[in-house]
Amino acid sequence: MPVSQRRVLIVTFSFSGQTRALVQALAAGLAEAGVQVVVERLQPLAPLRFPLAGIAPTLVMMLATFFRQRLAIAPLSSPAAGDFQLVVVAGPTWSYSPSGPVLSFLDRDAPALVHDRPVLPVISCRGYWRTHLAYLRRRLAACGGRVVNFLVLTHPCAEPWRTLGVFLKIAGRRPERHPLLSRFYPRYGHSRSQIEEVRGLGRCVGEALVHGEDLAALRLGVRPHPPAGNAQ
Ligand SMILES: Cc1cc2nc3c(=O)[nH]c(=O)nc-3n(C[C@H](O)[C@H](O)[C@H](O)COP(=O)(O)O)c2cc1C
């Protein structure tokens with residue numbers, strides 16, 4: 001028998017717009033299932049503009065993020081303190097780890113927000129997500145959260161073009177318009193069909209919540225499924 005209206009909190013950060021598109025689709029799917037969605041966007045205190053101003057700042061960012069540098073964030077808005085049946089933590093992979101703003105969220109806010117609640121990590125990355133997910137699982141569990149499932153979206157493009165393309169894109173270049181590179185790297189980020197797929201998955205998650213079903217039983221996981229040897 002259906003239960004009373006379910007509420008989902010989505011805590012999210014996006015640097016180059018990919019997670020933002022995934023979260024919009026996920027939220028739309030959840031809403032289609034009758035779930036109320038609150039989106040909490042983590043706001044870095046220091047402005048962070050995409051793309052960066054060239055190769056050197058990109059290398060510096062890669063190095064800093066490799067050491068899991070935190071980026072301070074503004075206080076969360078008060079609606080985030082409400083009652084939720086699921087907390088989604090969505091963001092990009094930065095050097096095999098969560099992004100700086102999500103790390104700050106884990107340090108400061110996650111203990112109060114996820115304690116004793118089901119949590120669904122959502123990761124946007126070019127393809128290397130395993131260390132990120134393992135770290136998130138560990139940190140969320142340490143806060144008392146129950147990681148019930150996960151959703152990972154990788155960029156649907158072959159290596160080495162994917163890594164080269166992402167690096168150049170972050171550095172402010174346009175690899176998808178380069179006369180030679182564009183043949184192997186037609187676009188940055190997730191495809192429209194992936195975004196559409198996430199909307200459908202959001203609907204599935206929403207329906208499971210509405211009907212009190214086990215979220216762990218849903219087939220979420222990695223999209224598209226990584227070819228052997230291509231996922232770190
Ligand atoms: C500093 C930095 C480091 C990154 N490191 C990784 C990485 O280790 N593995 C990976 O798969 N993608 C990595 N990426 C790519 C992003 O995860 C990917 O482009 C993601 O889709 C961006 O999401 P966003 O637009 O929501 O920020 C990195 C991006 C940045 C900016």
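Here the structure is a predicted model, which means the values were calculated and not measured. (Residues numbered from 1 in each chain as written. Predicted model: local features only at pLDDT ≥ 70, side-chain atom pairs only at ≥ 80, totals over all residues. Heavy atoms only, no water.)

Here we look at the nonpolar core
Phase 1: Core analysis: the largest hydrophobic core is formed by 38 residues, its most contacted members being Leu9, Phe105, Leu106, Val114 and Trp129.
Phase 2: Elements with a contribution of two residues or more to this core: β1 (7-12), β3 (86-94), α3 (100-108), α4 (110-114), β5 (118-125), α5 (130-142) and α6 (161-170).
Phase 3: For Phe105, the contacting residues outside a window of four places in its chain are Val11, Leu42, Ile73, Leu76, Val89, Ala110 and Leu113.
Phase 4: If you look at the next biggest cluster of nonpolar residues, it comprises 26 residues, including Leu26, Leu86, Val198 and Leu220. (Core = buried A, V, L, I, M, F, W, Y, C linked by side-chain atoms within 4.5 Å. Buried < 20%, exposed > 50% of the residue type's maximum accessible area, 1.4 Å probe, protein only. Helix = DSSP H or I, 4+ residues; strand = E, 2+ residues; numbered from the N terminus. Contact = heavy atoms within 4.5 Å.)

Examining the pairing of strand β7 (residues 151-154)
Phase 1: The alternating pattern of β7 places Leu151 and Leu153 on one face and Val152 and Thr154 on the opposite face, and all of these are buried.
Phase 2: Alignment of β5 against β7, held across four bridges, turns out to be parallel. Across the sheet, Ser124 pairs through a bridge with Leu153, a residue of β7.
Phase 3: Looking at chain direction, β7 and strand β8 (residues 221-223) are connected through three bridges and run parallel. Note that in β8 the partner of Val152 across the bridge is Val222. (Pairing = 2+ DSSP bridges.)

Thoughts on the site of the ligand
Phase 1: Neighbouring the ligand are 23 residues, the closest being Ser14, Ser16, Thr19, Thr93 and Ser124.
Phase 2: Thr19 places a side-chain nitrogen or oxygen 2.5 Å from an oxygen atom of the ligand.
Phase 3: Its free accessible area being 650 Å², the ligand has 98% of it covered by the protein chains.
Phase 4: Under a 2 Å grid-point criterion requiring more than half of the atoms, the pocket assigned to the ligand is the largest pocket.
Phase 5: Elements with a minimum of two residues in the shell around the ligand: α1 (18-32), α2 (55-66), β3, β5 and α6. (Near = heavy atom within 4 Å. Polar contact = N/O pair within 3.5 Å; in protein donor to acceptor, adjacent residues only side chain to side chain. Areas by Shrake-Rupley, 256 points an atom, 1.4 Å probe, with all protein chains shown as cover. 1 Å grid on protein atoms, 1.4 Å probe; cavity = no way out; pocket = protein on both sides within 12 Å on 5 of 7 lines; lining within 4 Å. Sits in = over half its atoms within 2 Å of the grid points.)

Overview of α3
Residues spaced three or four apart along an α-helix point in a common direction, a consequence of the helix completing one turn every 3.6 residues.
Phase 1: The buried fraction of α3 is high, at seven of nine residues.
Phase 2: Regarding α3, the residues found buried are Gly100, Pro101, Val102, Leu103, Ser104, Phe105 and Leu106.
Phase 3: Check the buried side of α3 and you find it contacts β1, β3, β4 (97-98), α4 and α5.

As for the confidence of the model for the protein chain
Phase 1: Considering every residue of the protein chain, the mean pLDDT works out to 95; 95% of them sit at 70 or more.
Phase 2: Throughout residues 228-232 the model reports pLDDT below 50, and contacts reaching past four residues in sequence, or to other chains, amount to 14 contacts.
Phase 3: Among the prediction metrics, the complex's ipTM stands at 0.99, with pTM recorded as 0.96. (pLDDT = per-residue confidence, 0-100.)

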